[in-house]
Amino acid sequence: MCYKWRDRRPTARELHRQRLADEIKEIFTDSGGTYGLPKIFIRWSARGGASR
């Protein structure tokens, strides 16, 4: 089988990256789509994101 990756469960790293992407999208959406990277990072850090 050449396509084992299609049937396997997501790895811990993939799950972590997806959670991070979801958090960033939420912050961006809550800002009305106006926040850029600096403000998103500040909001994410304030939520405790940098310590995870």
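Refer to the structure presented above.
Before going into details, it helps to say that this report is about the structure given with it. A quick note: this is a predicted structure, and the numbers were derived from the prediction, not measured.

**Regarding the packing of aromatic side chains**
In step 1: Tallied over the entire structure, the rule returns one aromatic pair.
In step 2: Seen in terms of ring centroids, Phe41 and Trp44 are 6.0 Å apart; in terms of plane orientation they differ by 45°. Their pairing is tilted. Remark: Trp44 and Phe41 occur in helix α3 (residues 37-46); sequence separation between them is three residues, near one turn of the helix.
In step 3: For Trp44, a relative accessible area of 16% translates into the label buried.
In step 4: Over the ring of Tyr3 we find Arg6, and its NZ or CZ is 5.6 Å from the ring centre.

**A look at the environment of Arg6**
In step 1: Within the secondary structure, Arg6 is located in helix α1 (residues 4-7).
In step 2: For Arg6, a relative accessible area of 57% gives the class exposed.
In step 3: With 25 residues separating them along the chain, Arg6 and Ser31 place their C-alpha atoms 35 Å apart.

**Details of the environment of Phe28**
In step 1: For Phe28, the location among the structural elements is in helix α2 (residues 12-30).
In step 2: Residues Phe28 and His16, spaced twelve residues apart in sequence, show a C-alpha to C-alpha distance of 18 Å.
In step 3: If we ignore the near neighbours within four places in the chain, the residues touching Phe28 are Gly33, Thr34, Tyr35 and Ile40.

**Structural notes on the packing of α2 against α3**
In step 1: Where α2 meets α3, the axes come as close as 10 Å, and the angle between the chain directions of the two elements is 115°. Classified by the interaxial angle, the pair formed by α2 and α3 is roughly perpendicular. Of the two elements, α2 crosses α3, and the hand of that crossing is right-handed. Contact residues: Leu20, Glu23, Ile24, Ile27 and Phe28 in α2; Ile40, Arg43 and Trp44 in α3.
In step 2: For the contact of α2 with α3, the residue count by class is six nonpolar, no polar and two charged.

Parameters at a glance
Residues numbered from 1 in each chain as written. Predicted model: local features only at pLDDT ≥ 70, side-chain atom pairs only at ≥ 80, totals over all residues. Heavy atoms only, no water. Phe/Tyr/Trp six-rings, centres within 6.5 Å; stacked < 30°, edge-to-face > 60°. Helix = DSSP H or I, 4+ residues; strand = E, 2+ residues; numbered from the N terminus. Buried < 20%, exposed > 50% of the residue type's maximum accessible area, 1.4 Å probe, protein only. Lys NZ or Arg CZ within 6 Å of the ring centre and 35° of its normal. Contact = heavy atoms within 4.5 Å. Axes fitted to C-alpha atoms, helices over the stretch in contact; angles between N-to-C directions. Parallel < 35°, antiparallel > 145°, perpendicular 65-115°, else oblique. Left-handed = near helix turned anticlockwise from the far one by under 90°. Nonpolar A, V, L, I, M, F, W, Y, C, P; charged D, E, K, R; others polar.

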